[in-house]
Amino acid sequence: MNPKPKQQRINFSEVAIGQRFFDPISAEYFVKQSASLAAMVTGIGDGTIPDEFEPDDVVGIDQ
């Protein structure tokens, strides 16, 4: 069993476009598409349907 990766908590506005991040609310990974949109890439997400995020939403980046 793989241990859960350590994560750095940052605001959504600090995530680079194209970067993968973890959303603690949905407990899924997303890839940032623009200043306010990201697409889920785990769970039921296939990376095609954008979801809106606020700049100050706290997300996690794997370290």
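A short tour of the structure in this document, coming up.

Rules used throughout
Residues numbered from 1 in each chain as written. Predicted model: local features only at pLDDT ≥ 70, side-chain atom pairs only at ≥ 80, totals over all residues. Heavy atoms only, no water. Phe/Tyr/Trp six-rings, centres within 6.5 Å; stacked < 30°, edge-to-face > 60°. Buried < 20%, exposed > 50% of the residue type's maximum accessible area, 1.4 Å probe, protein only. Lys NZ or Arg CZ within 6 Å of the ring centre and 35° of its normal.

### What about the packing of aromatic side chains?
Here comes step 1: Applying the stated rule across the entire model yields six aromatic pairs.
Here comes step 2: When the ring of Phe 12 is compared with that of Phe 21, the centres are 5.5 Å apart and the planes differ by 70 degrees; the resulting orientation is edge-to-face. For the pair Phe 12 and Phe 21, a shared accessibility class is recorded, and that class is buried.
Here comes step 3: With a centroid separation of 5.8 Å and 15 degrees between ring planes, the pair formed by Phe 21 and Phe 30 is classed as stacked. Comparing Phe 21 with Phe 30, the two get one shared label, buried.
Here comes step 4: Within the aromatic cluster, the residues linked to one another by ring pairs are Phe 12, Phe 21, Phe 30 and Phe 53.
Here comes step 5: Directly above the ring of Tyr 29 sits Arg 20, whose terminal nitrogen or CZ lies 4.1 Å from the centroid.
Here comes step 6: A cation over an aromatic ring shows up here: Lys 32 above the ring of Phe 12, its NZ or CZ 4.5 Å from the ring centre.

Any link to function would need more than the numbers given here.
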